[in-house]
Amino acid sequence: PMSFMKNLDFLQNEIFDQLIIREKEILRSNSAILDFDAEGMLFKSGSFSSFVYYIEEGCLKLKKDDRDLFFILEKGNILGLDYIFNDEPVYYSAYASKGSRIVQINAHILRNFVSSNSLFLGSVYRKNSTLNKKLISSLLDYRAKNLNGAFAAFLLQYDQENSPELTRKEIGSLLGYSRENITKVVRSFIAEGIIEEDEKHIRIMDKNLLETLRKNG
């Protein structure tokens, strides 16, 4: 489902501070809201993206070859800024989680603004660099830890407030472990009183112990 923008809420994000009022109005008129009642694909690996996506609610799952989850992009982030600068096909697929609200922004419009507004160019570059650093840091951090440490880090990062709905297989892909290993560590953490699980929703019971496992893992 799609609806045209009725407000400027997403333009309050700091990345758009360097745009003048006229540019913001143009951007608003070339944007649309996508609401997801169920998980849905935004674009497929190998395709050419014509849009940039701002996450107003929910999160985006980035997957390699439509299967292996390698990164979760949360509320307030923007996906696709790097494709403003080139016409290469995307190397991953993006899925919006159930309940997400995503603002779809015309990438061509942003490309024009980047060309004519050097302050906005700087804003886009900094935002994209921060996101790329976060991606690399996340991948390295999980893979540098043992199973307990990686799962503890995951639970602390995606606590009850911003927890995306993930399958065991998706968690395993994200952390670099098999689905069977994730099932095993979930059962172990429950037995030790570190977490509780209710209908696939995990609730943290001992945050201090998780911090210790994350640090020592």
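Since the structure is predicted, the reported quantities are computational estimates derived from the model, not experimental observations.

A. Quick look at the overall build of the chain. Helix and strand counts for the chain come out as 7 helices and 11 strands. Scaling as 2.2 N^0.38, a compact globule of 217 residues should have a C-alpha radius of gyration of about 17 Å, and the chain matches this with 19 Å. Its C-alpha atoms give the chain principal-axis dimensions of about 60 × 30 × 30 Å. The 217 residues of the chain split such that 45% are buried.

B. Summary view of the sheet that holds strand S8 (residues 93-96). Spatially, 4 strands are ordered S3-S8-S5-S6 in an open sheet, and the strand pairing comes out antiparallel. Among the strands making up the open sheet, the edge pair consists of strand S3 (40-43) and strand S6 (68-74). Taking each pair of neighbouring strands and ignoring which way they run, the sheet shows an average axis angle of 30 degrees. Relative to S8, strand S5 (residues 59-64) runs antiparallel, the two being bridged by 4 bridges. Across the sheet, residue Leu 62 finds its bridge partner in S8, namely Ala 94.

C. Representation of the nonpolar core in the model. Phe 151, Phe 154, Leu 155, Leu 174, Leu 175, Phe 189 and Leu 210 are the most contacted members of the largest nonpolar core, which totals 25 residues. For this core, the secondary-structure elements that each account for two or more residues are S6, helix H4 (147-157), helix H5 (168-175) and helix H6 (179-191). Among the elements that make up this core, the one with the highest residue count is H4 (8 residues). Excluding residues within four positions of it along the chain, Phe 154 makes contact with Tyr 142, Leu 166, Ile 171, Leu 174 and Leu 175.

D. Seen up close, the packing of aromatic side chains. One pass over the structure, following the stated rule, counts 11 aromatic pairs. With a centroid separation of 6.4 Å and 25 degrees between ring planes, the pair formed by Phe 16 and Phe 120 is classed as stacked. Of this pair, Phe 16 sits in the loop between strand S1 (2-4) and helix H1 (21-29) while Phe 120 sits in helix H3 (residues 118-143), placing them 104 residues apart in sequence. In this structure, Phe 16 and Phe 120 share a single accessibility class: buried. Both rings, one in Phe 151 and one in Phe 154, keep their centres 6.1 Å apart while their planes meet at 20 degrees; by these two values the pair is stacked. Pair noted here: Phe 151 and Phe 154 are both in helix H4, with a separation of 3 residues, about one helical turn. Of the two residues, Phe 151 and Phe 154, neither departs from the other in class, the shared state being buried. Over the aromatic face of Tyr 95 sits the side chain of Lys 63, whose NZ or CZ is 4.9 Å from the ring centroid.

E. View of the side chain of Glu 23. Locating Glu 23 in the fold gives a position in helix H1. No salt bridge is formed by the buried Glu 23, whose closest oppositely charged neighbour, Arg 22, lies at an N-O distance of 4.9 Å. One polar contact links Glu 23 to Asn 117, side chain to side chain, over a distance of 3.3 Å. Residues in contact with Glu 23, not counting those within four places in the same chain, are Gln 18, Phe 113, Ser 116 and Asn 117.

F. Main features of the pairing of S5. Of all 6 residues in S5, 5 are buried, a share of seventy percent or more. Inspection of the sheet shows S5 paired to S6 by 6 bridges, in the antiparallel sense. Note on S6: the bridge partner recorded for Cys 59 is Glu 74. Hairpin remark: S5 followed by S6, antiparallel, with 3 residues in the connecting loop; positive phi at Asp 65, about 55 degrees.

The rules we used
- Residues numbered from 1 in each chain as written.
- Predicted model: local features only at pLDDT ≥ 70, side-chain atom pairs only at ≥ 80, totals over all residues.
- Heavy atoms only, no water.
- Helix = DSSP H or I, 4+ residues; strand = E, 2+ residues; numbered from the N terminus.
- Rg over C-alpha atoms; globule rule 2.2 N^0.38 Å.
- Buried < 20%, exposed > 50% of the residue type's maximum accessible area, 1.4 Å probe, protein only.
- Pairing = 2+ DSSP bridges.
- Axes fitted to C-alpha atoms, helices over the stretch in contact; angles between N-to-C directions.
- Core = buried A, V, L, I, M, F, W, Y, C linked by side-chain atoms within 4.5 Å.
- Contact = heavy atoms within 4.5 Å.
- Phe/Tyr/Trp six-rings, centres within 6.5 Å; stacked < 30°, edge-to-face > 60°.
- Lys NZ or Arg CZ within 6 Å of the ring centre and 35° of its normal.
- Lys, Arg positive; Asp, Glu negative; His and termini not counted.
- Salt bridge = Lys/Arg side-chain N within 4 Å of Asp/Glu carboxyl O.
- Polar contact = N/O pair within 3.5 Å; in protein donor to acceptor, adjacent residues only side chain to side chain.

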